[in-house]
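Given next are the chains, with one letter for each unit.
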Amino acid sequence: MPRHSAAVYRRRRLVLLIALVLSVAVIGVSVWLLIARPWEGAAAGPAPTSTATTDTTPSPSPSGDTVTESPEPSPSAEQTPAIVACAPKDIEVAAVTDADTYASGVLPKLSISLTNKGSTDCTIDVGSSTQVFRVSSGSDVWWQSTDCQENPSSMIATLAAGTTVTSKDPVTWDRTRSSVETCGQENRQRAPGGGASYHVEVSIGGFTSLTTKQILLY
């Protein structure tokens, strides 16, 4: 077998070295592609860079000033003052009867007229426990509704300013003399007729009529 020269051996070693370098380079590139994976996500579009938000900033007015909404004011004690009890100077009470004269055997029906002469509404107890009807002849008190009253009750009512109200259910006077001792008696003394004059006085809620109402009995 012929012996090669030293130059041939050098060329062979150079070729092997180049081949080794290329092999190492190919392996290195493959490993980098496997690790870096630069294609991943390349087909997807760009990720959104902003999200929708709710604008809470007040819109400017045409004049350029910022418009802000003010909360609705809530009612206060000063805006809605409490209704107070009626004062004596504002209340007028009067007796009301269903007639001026009564024939024999006809029973008078008595009511109360109540007027608020003040400029503001006020409250008053109009219950039966505060109502008093009194029928007199001169200085002689013939009959009083509280003498034989049963189950009196209280009732607070608001009386509007400048209005007049009249009790709906009249009280009937049976034309007899009353007293707490004779409430159950049927033969109580009867008031004389024949054109005799009697005067009706009323009070309610602590207010008494300033005048009386005259009636005539026959």
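This one's a predicted model, so the numbers in the text were calculated from it and none came from an experiment. (Residues numbered from 1 in each chain as written. Predicted model: local features only at pLDDT ≥ 70, side-chain atom pairs only at ≥ 80, totals over all residues. Heavy atoms only, no water.)

Caption draft 1: A look at the overall build of the protein. A count of helical and extended segments in the protein gives 1 helix and 13 strands. Element order for the protein, N to C, with α for helix and β for strand: α-β-β-β-β-β-β-β-β-β-β-β-β-β. Per-residue burial for the protein yields a buried fraction of 24% across its 218 residues. Here the analysis covers contacts within the protein between residues at least 6 apart in sequence; of these, 66% occur between residues at least 24 apart. (Helix = DSSP H or I, 4+ residues; strand = E, 2+ residues; numbered from the N terminus. Buried < 20%, exposed > 50% of the residue type's maximum accessible area, 1.4 Å probe, protein only. Contact = heavy atoms within 4.5 Å.)

Caption draft 2: Focus on the packing of aromatic side chains. Scanning the model with the defined rule gives 1 aromatic pair in all. Ring centres 5.5 Å apart and planes at 65 degrees place the aromatic pair Trp173 and Tyr198 in the edge-to-face group. Residue Trp173 is found in the loop between strand E10 (171–172) and strand E11 (196–204), and its partner Tyr198 is found in strand E11; the two are separated by 25 residues along the sequence. For the pair shown, Trp173 and Tyr198 are each scored as buried. Directly above the ring of Trp142 sits Arg177, whose terminal nitrogen or CZ lies 3.9 Å from the centroid. (Phe/Tyr/Trp six-rings, centres within 6.5 Å; stacked < 30°, edge-to-face > 60°. Lys NZ or Arg CZ within 6 Å of the ring centre and 35° of its normal.)

Caption draft 3: View of the sheet that holds strand E1 (residues 84–85). Sheet architecture is open: 3 strands sit in the order E1-E5-E8, paired in mixed fashion. What marks the edges here is a single partner per strand, and that holds for E1 and strand E8 (156–159). (Pairing = 2+ DSSP bridges.)

Caption draft 4: Molecular detail of the layout of surface pockets. Here the largest pocket is characterised by a volume of approximately 400 Å³. What lines the largest pocket is a set of 18 residues, among which Val126, Gln131, Met155, Ser167 and Lys168 lie closest to the centre. Elements with a minimum of two residues in the lining of the largest pocket: strand E4 (109–116), E8 and strand E9 (164–166). It is E8 that contributes the most residues to the lining of the largest pocket, 3 residues altogether. Split by residue class, the lining of the largest pocket holds 9 nonpolar, 7 polar and 2 charged. In terms of lining residues, the second largest pocket is bounded by 15 residues, among which Ser145, Cys148, Gln149, Glu150 and Val171 are the most central. Split into classes, the residues belonging to the lining of the second largest pocket amount to 5 nonpolar, 7 polar and 3 charged. (1 Å grid on protein atoms, 1.4 Å probe; cavity = no way out; pocket = protein on both sides within 12 Å on 5 of 7 lines; lining within 4 Å. Points joined across faces, edges and corners; volume = space filled by probe spheres on them. Nonpolar A, V, L, I, M, F, W, Y, C, P; charged D, E, K, R; others polar.)

Caption draft 5: Seen up close, the environment of Glu201. Tracing the backbone through its elements, the reader meets Glu201 in strand E11. Judged by its relative accessible area of 24%, Glu201 falls in the partly exposed class. Sequence spacing of Glu201 and Val96 is 105 residues, and the spatial spacing of their C-alpha atoms is 9.3 Å. Each residue touching Glu201, except ones within four places of it in the same chain, is listed here: Val132, Phe133, Arg134, Thr208, Ser209 and Thr212. Here Arg134 takes part through its side chain, which lies 2.6 Å from a polar atom of the side chain of Glu201. (Polar contact = N/O pair within 3.5 Å; in protein donor to acceptor, adjacent residues only side chain to side chain.)

Caption draft 6: Layout of the environment of Gly118. With respect to the element layout, Gly118 can be found in the loop between E4 and strand E5 (122–125). Residues Gly118 and Lys89, 29 residues apart in the sequence, show an inter-C-alpha distance of 8.0 Å. When near neighbours in sequence (up to four residues on either side) are disregarded, Gly118 contacts Asp90, Ala161 and Gly162.

Caption draft 7: Here's a closer look at the state of the cysteines. Inspection of every chain in the model, using the stated rule, returns 2 disulfides. Two residues share a disulfide in this structure: Cys86 and Cys122, whose sulfurs sit 2.0 Å from each other. Judged by the sign of its S-S torsion, about 85 degrees, the cystine formed by Cys86 and Cys122 is right-handed. With Cys86 in the loop between E1 and strand E2 (91–97) and Cys122 in strand E5, this residue pair connects regions lying 36 residues apart in the sequence. Grouping residues by exposure puts Cys86 and Cys122 together as buried. Cys148 shares a disulfide with Cys183; S-S distance 1.8 Å. (Disulfide = S-S within 2.5 Å.)

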